[in-house]
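Close look at the chain arrangement
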There are 2 protein chains.
Amino acid sequence: MFYMKELPNEEDFRPLVPEYSSLDTSSVMLFYLFLQVGSDMLTAFETYLANHGVSQGRFIVLLLLLRSQMRNNGSGLSPSELARQAGVTRATMTGLMKGLQRDELIERFSHDGDRRKVIVRLTPKGKESLHAIFPDYYSRIADLMNDLEDDERERLSKLLHKVKNKMNLSKQALASGARG
Amino acid sequence: MFYMKELPNEEDFRPLVPEYSSLDTSSVMLFYLFLQVGSDMLTAFETYLANHGVSQGRFIVLLLLLRSQMRNNGSGLSPSELARQAGVTRATMTGLMKGLQRDELIERFSHDGDRRKVIVRLTPKGKESLHAIFPDYYSRIADLMNDLEDDERERLSKLLHKVKNKMNLSKQALASGARG
DNA sequence: ATTAAATGCTATGGGGCCTAATTATATGGA
DNA sequence: TCCATATAATTAGGCCCCATAGCATTTAAT
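Residues numbered from 1 in each chain as written. Chains lettered and ligands numbered in written order. Predicted model: local features only at pLDDT ≥ 70, side-chain atom pairs only at ≥ 80, totals over all residues.

1. What to know about the protein's contact with DNA strand D
Neighbouring DNA strand D are 26 residues; Ser55 and Ala91 of chain A together with Ser78, Ser80 and Ala91 of chain B lie closest to it. Counting residues per element, the ones that place at least two in the surface near DNA strand D are α3 (56–71) and α5 (90–102) of chain A together with α4 (79–86) and α5 (90–102) of chain B. At five residues, α5 of chain A tops the list of elements feeding residues into the surface near DNA strand D. The residue makeup of the surface near DNA strand D, split by class, is eight nonpolar, ten polar and eight charged. (Near = placed C-beta within 6 Å. Helix = DSSP H or I, 4+ residues; strand = E, 2+ residues; numbered from the N terminus. Nonpolar A, V, L, I, M, F, W, Y, C, P; charged D, E, K, R; others polar.)

Below, the structure is given as C-alpha cells:
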C-alpha cells in the first residue's frame, strides 16, 4: 500500500532536478497523487468490507464466483481459474478458500470429468453475504463518483485507459529492475 | 490490494440493476477501473523496488526521512511523526525501523530535550540506496506518463483532486459500516 | 509406456498491519 | 510535592495476504 499523508510539492523536488536528468516533476507528482487517491479509496473500502467481515481478497473471490455463477447458471470455478483471475498463485488461492470454507461462504466439489480438479461455488450463506453488502456498497461508490459529471467520467475513464495501456505495454520493463 | 484480471462489464451488472436501486453501473465500472490501474501501478513499482531490496513501506520511510533532512538541514524525524506521515501505527513503525536499522539504512538517536523521544535519520548508506534507485525510478515514472500531453495531465490531476476531496469529506461515512 | 504438464495441496517464511500491555518520561494541576 | 494523565517507544502475539518450493495425483502428448 502506498501512503504519504503529505505529498511532496514542487519545492521538494527542486534540489533533485539538477541531479537527475530523468526526473520530470510533473510526472512524479501526478504519479504520487494517483497512488495516494487509489490507496485512500482502497483503504476506505477495505475498512468498510472488514466491518462486514470480509477482506478485499475474499471479497474479490466472492465477486468472481458470483459473476461466474450468474453468467453460466451456477457452474462455479476451479481454484486455478480463480487464482488466474484474481492475480494470485494457486497456493495463495488455496489459503483464501480455506478461510472462506471455514466461514461457510463457499463449497468445494470434485469435478466429474477431471479428477484433478475442484469446483468452487458460493453457498447460500456466501450469496447472502454479498447481497447484504451490495446495497450500501454500491451506494457509497455512487456517492463517491457523484461529483463527477458525465463528461468528466468519460474523460477520466479515457485517461485511465491510456495509462493502463501504457502499463500493459511496458509491464516487463516497469517491474524489472536491478536484480529482475 | 485490488485485483481482478477481467473487470465486470455492463452486462454483468444488468441483472443486478433492478435489484439494487443504489447501483449506478457507470460509477462502479469507473471505480473498478481506477482501482485496477492503481493496483497495477502499485504492484509494478513494488516489484521494481523489491528488486532494489526495499519494500514500499520502507521506501516511503526513506523518502520521508530524505525530505525532512533536505527541508530542515538533516534534522530527522521521530518514530511517531513518521508513523503519522506514513499512516501507520507507532508499533508498525517500530517494526519497519527495526528492519531498516538492521540493514543500516537508518540510525536512531535519543532526543536531547525529551528523553522519551527518538530521532531517526538516514545513514549515508540509506541515502546512497535512495540515490541508487532514483535515476531509474524517475525515468520509469516519466515513461509511464509520457503518453499524456500537458493538458491531459492537468485534467487528470484536477479529476483526481476532485475525487480526493470528495473522499476526505465523506471519509468517515465511507469507511464506517455495519459494525463500524 | 514414458514424459510432460496441469491441479490442488502443504510447508515454510516474509511483509505489513493490528491491539494490548509495558516501560520510561513529561506535564499539569491539587 | 505528588499523583493522575498523557505521550513516546517498544515488545509480544496474532492475523491476513502473498510467495516459493516441493509433492501426489491425474491427465495429455509423443
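2. Some thoughts on the environment of Thr123 of chain A
Residues and elements named next belong to chain A. Turning to its location among the elements, Thr123 is positioned in the loop between β2 (118–122) and α6 (124–145). With 15 C-beta atoms counted inside 10 Å, the residue Thr123 sits in the partly exposed group. C-alpha separation for the pair Thr123 and Ile106, spaced 17 residues apart in sequence, amounts to 5.0 Å. Residues within four places of Thr123 in sequence aside, it is in contact with Glu104, Leu105, Ile106 and Glu107. (Buried ≥ 20, exposed ≤ 12 C-beta atoms within 10 Å, placed from the backbone. Contact = placed C-beta atoms within 7 Å.)

3. As for the protein's contact with DNA strand C
Of all residues adjacent to DNA strand C, which total 25 residues, the nearest are Ser80 and Ala91 of chain A together with Ser55, Gly57 and Ala91 of chain B. When residues of the surface near DNA strand C are traced back to their parent elements, those giving at least two are α4 (79–86) and α5 of chain A together with α3 (56–71) and α5 of chain B. In the surface near DNA strand C, the residues fall into eight nonpolar, nine polar and eight charged.

4. Focus: the domain arrangement of chain A
All names here are of chain A. Here chain A is described as being made up of domain 1 (24–53) and domain 2 (54–139). Inter-centroid distance (C-alpha atoms) of domain 1 to domain 2 is 26 Å. At the interface, five residues of domain 1 touch five residues of domain 2. Looking at the side of domain 1 that touches domain 2 residue by residue, the classes come out as two nonpolar, two polar and one charged. (Domains from an automatic or database assignment.)

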